[in-house]
Amino acid sequence: QQQVKQSPQSLIVQKGGIPIINCAYENTAFDYFPWYQQFPGKGPALLIAIRPDVSEKKEGRFTISFNKSAKQFSLHIMDSQPGDSATYFCAASNGAGNMLTFGGGTRLMVKP
Amino acid sequence: GAVVSQHPSRVICKSGTSVKIECRSLDFQATTMFWYRQFPKQSLMLMATSNEGSKATYEQGVEKDKFLINHASLTLSTLTVTSAHPEDSSFYICSAHRDPSTEAFFGQGTRLTVV
């Protein structure tokens, strides 16, 4: 599988902070970039996704920034809350209906 | 949103036995489902693509005779871990797409422990 590199592996922020998680990809055929949130013992849940024709997408407190030339994209969580503590995965595919290649994951802890 | 149900959520089996995991799309039809494996504190690794009415496509390094996949209907795919060994203990997750243009919906996962 082609790689998607995610950083950092873990992140601790205070409540109200803005954690930022970064991903980089290699395959220029990728055209669909979702972010998933996973709680322990549960399957991933889609948070937000972006396609390369836009540079930013915002849904609630979650924002994706996309840099096509650099082949990088990032997730920003505004006003983070302790309930946001989870593992976050970026992913990529060439089409929304195709198999996903996942990043390594980021374990986020939001301290009260 | 669309619902994908996985069963069982947890299973413990003895070495050498087989275990079947079911993945159902509850409110939509899915011609393609995907099976992933996740070890503790690691990412999801694609095992195979399950195609309704045809053979599954396995990723490199995944033994097709050990991980049997059957996608007999548009709402059900099954993964059978045959002759399970302790190293097969993992978290298995399936996903399905409502149609080729939409996002993946994941099941809640199955924690398999082989003793």
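Structure's up top.
Bear in mind that the values here come from a model prediction, so they are computed numbers and not experimental data.

## Considering the overall build of chain A
Reasoning step 1: Helix and strand content of chain A: zero helices and 11 strands.
Reasoning step 2: Moving toward the C terminus, one meets the helices and strands of chain A in the order β-β-β-β-β-β-β-β-β-β-β.
Reasoning step 3: In terms of its C-alpha atoms, chain A occupies a principal-axis envelope of roughly 40 × 30 × 20 Å.
Reasoning step 4: A sequence separation of at least 24 residues applies to 53% of the contacts in chain A between residues at least 6 apart.
Reasoning step 5: Entry remark: accessible area of chain A is about 5300 Å², with carbon and sulfur atoms responsible for 49%.
Reasoning step 6: The distance from the centre of the 11 positive side-chain charges to the centre of the 7 negative ones in chain A is 7 Å.

## Focus: the interface of chain A and chain B
Reasoning step 1: Taken together, the contact between chain A and chain B spans 20 residues of the former and 21 residues of the latter.
Reasoning step 2: For the pairing of chain A and chain B, the buried interface totals around 1500 Å² over both sides, and the portion due to carbon and sulfur atoms is 57%.
Reasoning step 3: Applying the counting criterion to the chain A and chain B interface returns zero salt bridges.
Reasoning step 4: One can count five residue pairs in polar contact (both at pLDDT 80 or more) joining chain A with chain B.

What counts and what doesn't
Residues numbered from 1 in each chain as written. Chains lettered and ligands numbered in written order. Predicted model: local features only at pLDDT ≥ 70, side-chain atom pairs only at ≥ 80, totals over all residues. Heavy atoms only, no water. Helix = DSSP H or I, 4+ residues; strand = E, 2+ residues; numbered from the N terminus. Contact = heavy atoms within 4.5 Å. Areas by Shrake-Rupley, 256 points an atom, 1.4 Å probe, with all protein chains shown as cover. Lys, Arg positive; Asp, Glu negative; His and termini not counted. Charge placed at Lys NZ, Arg CZ, Asp CG, Glu CD. Buried area = accessible area lost by both parts, 1.4 Å probe. Salt bridge = Lys/Arg side-chain N within 4 Å of Asp/Glu carboxyl O. Polar contact = N/O pair within 3.5 Å; in protein donor to acceptor, adjacent residues only side chain to side chain.

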